[in-house]
Amino acid sequence: MGKIIAIANQKGGVGKTTTTVNLAASLGVLEKKVLLIDADPQANASSGLGIDVESVEFGTYQVLEHTISAKEAIIETNSPNVDIIPAHIDLVAIEIELVDKENREYMLKKAVEEIKDNYDYILIDCAPSLGLITLNSLVAADAVIIPIQCEYFALEGLGKLLNTIKSVQKIHNPELDIEGLLLTMFDSRLRLSNQVVDEVRKHFSSMVFDTIIRRNTRLGEAPSYGESIIAYDATSKGAVNYLNLANELLKKNA
């Protein structure tokens, strides 16, 4: 049975989508069957894997609405062993449309039940908010990875997210686990980056991944070519970091 992992942080620009896309590609290269669910209306994970977002006919929006099954929304990507349920800007409307629905927090959970066994890992790229789509993602997930950028406001809002996770565990999904905190955008030349790493490790110790994602120009370039860092430049620091993260995740779940 596949493990469902949400990559979440209500703060924007922390490396959520970069992590989802490149972790999926890295797990695929390590011969795991992966499904990426793009649950962010910006649809950056979809375009980052070469999907033409404008031509998306079925995606996360229809799956959450239950007008089609999750299986019908799946598209193969150019990344080995990686499939995707893409997003579209229409997804913005789902927050309003689900408000009056019964069990609205469970829409994604119900939808992925039928495909869970077809994959080793299902990764959900969450929107930078704590709205209904992110809540659906946390209810559907077995675990959550929280990317934290190594910058001044790194820990701002983390308490809020951890409280949200606690209440999801209490009310909707007692099985939800924190897979780990992932330090991103690390620049070893900056004292601040090193301070943030020390601070996060001091407060959260065993919850923090050993792997740190370093600042890397190639990581920033890859999405504009519709490719993961593995396809774009497999020898770059970014590719090595994400392969290390994938290996660490597999070891943790062995």
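Residues numbered from 1 in each chain as written. Predicted model: local features only at pLDDT ≥ 70, side-chain atom pairs only at ≥ 80, totals over all residues. Heavy atoms only, no water.

As recorded in an unreviewed UniProt entry, the chain goes by the name Chromosome partitioning protein ParA, listed as coming from Tenacibaculum todarodis.

Visitor: So what exactly am I meant to see when it comes to the UniProt feature "domain: AAA" (unreviewed entry) in the chain here?
Guide: In this numbering, the UniProt entry assigns the feature "domain: AAA" (unreviewed entry) to residues 3-178. Structurally, residues 3-178 is divided into 36% helix and 18% strand, and its ends, taken at the C-alpha atoms, are 13 Å apart. (UniProt positions renumbered as here; feature names shortened; annotations may be inferred. Helix = DSSP H or I, 4+ residues; strand = E, 2+ residues; numbered from the N terminus.)

Visitor: In this structure, what is going on with the environment of Gly-12? I would like to understand it.
Guide: Turning to its location among the elements, Gly-12 is positioned in the loop between strand 1 (3-7) and helix 1 (16-29). In the structure, Gly-12 is positioned 116 residues away from Pro-128 in sequence and 5.2 Å away in space, judged by C-alpha atoms.

Visitor: Please clarify how the sheet that holds strand 4 (residues 82-85) should be interpreted in this entry.
Guide: In a beta sheet, neighbouring strands pair by backbone hydrogen bonds and run either parallel or antiparallel. Spatial ordering of the open sheet is given by 3-4-2-5-1-6-7-8, a layout of eight strands whose pairing is mixed. A strand with exactly one partner marks an edge of an open sheet, and here the two such strands are strand 3 (75-76) and strand 8 (208-214). Pairing of strand 1 with strand 5 (residues 121-126) involves five bridges; the strand directions are parallel. Following the sheet pairing, Ile-5 is matched in strand 5 by Leu-123. Strands strand 6 (143-149) and strand 7 (177-186) of the sheet are contacted by helix 8 (residues 158-171), whose axis makes an angle of about 175° with strand 6. (Pairing = 2+ DSSP bridges. Contact = heavy atoms within 4.5 Å. Axes fitted to C-alpha atoms, helices over the stretch in contact; angles between N-to-C directions.)

Visitor: Hey, could you run me through the packing of helix 1 against helix 12 (residues 237-252) in this one?
Guide: Between two packed helices, both the angle of their axes relative to each other and the distance between the axes serve to describe the pair. Close contact between helix 1 and helix 12 brings their axes to 8 Å; oriented N to C, the two are set at 70°. The angle between helix 1 and helix 12 places the two elements in the roughly perpendicular class. Crossing of helix 1 over helix 12 shows right-handed handedness. Residue-level inspection shows Thr-18, Thr-19, Asn-22, Leu-23, Ser-26, Leu-27 and Val-29 of helix 1 in contact with helix 12, the latter providing Tyr-242, Leu-243, Leu-245, Ala-246, Leu-249 and Leu-250. (Parallel < 35°, antiparallel > 145°, perpendicular 65-115°, else oblique. Left-handed = near helix turned anticlockwise from the far one by under 90°.)

Visitor: How do you make sense of the nonpolar core when you look at a structure like this?
Guide: Across soluble globular proteins, you tend to see nonpolar side chains buried next to one another. Of all hydrophobic cores here, the largest spans 55 residues; its most connected members are Ile-85, Ile-124, Ile-146 and Val-200. Per-element tally for this core: the top contributor is helix 7 (residues 132-140), with six residues. Setting aside chain neighbours within four positions, we find Ile-146 in contact with Ala-8, Asn-9, Leu-158, Leu-161, Leu-162, Ile-165, Gly-180, Leu-181 and Leu-182. Val-21, Leu-36, Phe-209 and Ile-213 belong to the second largest nonpolar core, which has 33 residues in total. (Core = buried A, V, L, I, M, F, W, Y, C linked by side-chain atoms within 4.5 Å. Buried < 20%, exposed > 50% of the residue type's maximum accessible area, 1.4 Å probe, protein only.)

Visitor: How should I be thinking about the environment of Glu-31 in this particular structure?
Guide: Counting through the fold element by element, Glu-31 comes out in the loop between helix 1 and strand 2 (34-39). When near neighbours in sequence (up to four residues on either side) are disregarded, Glu-31 contacts Asn-81 and Asp-120.

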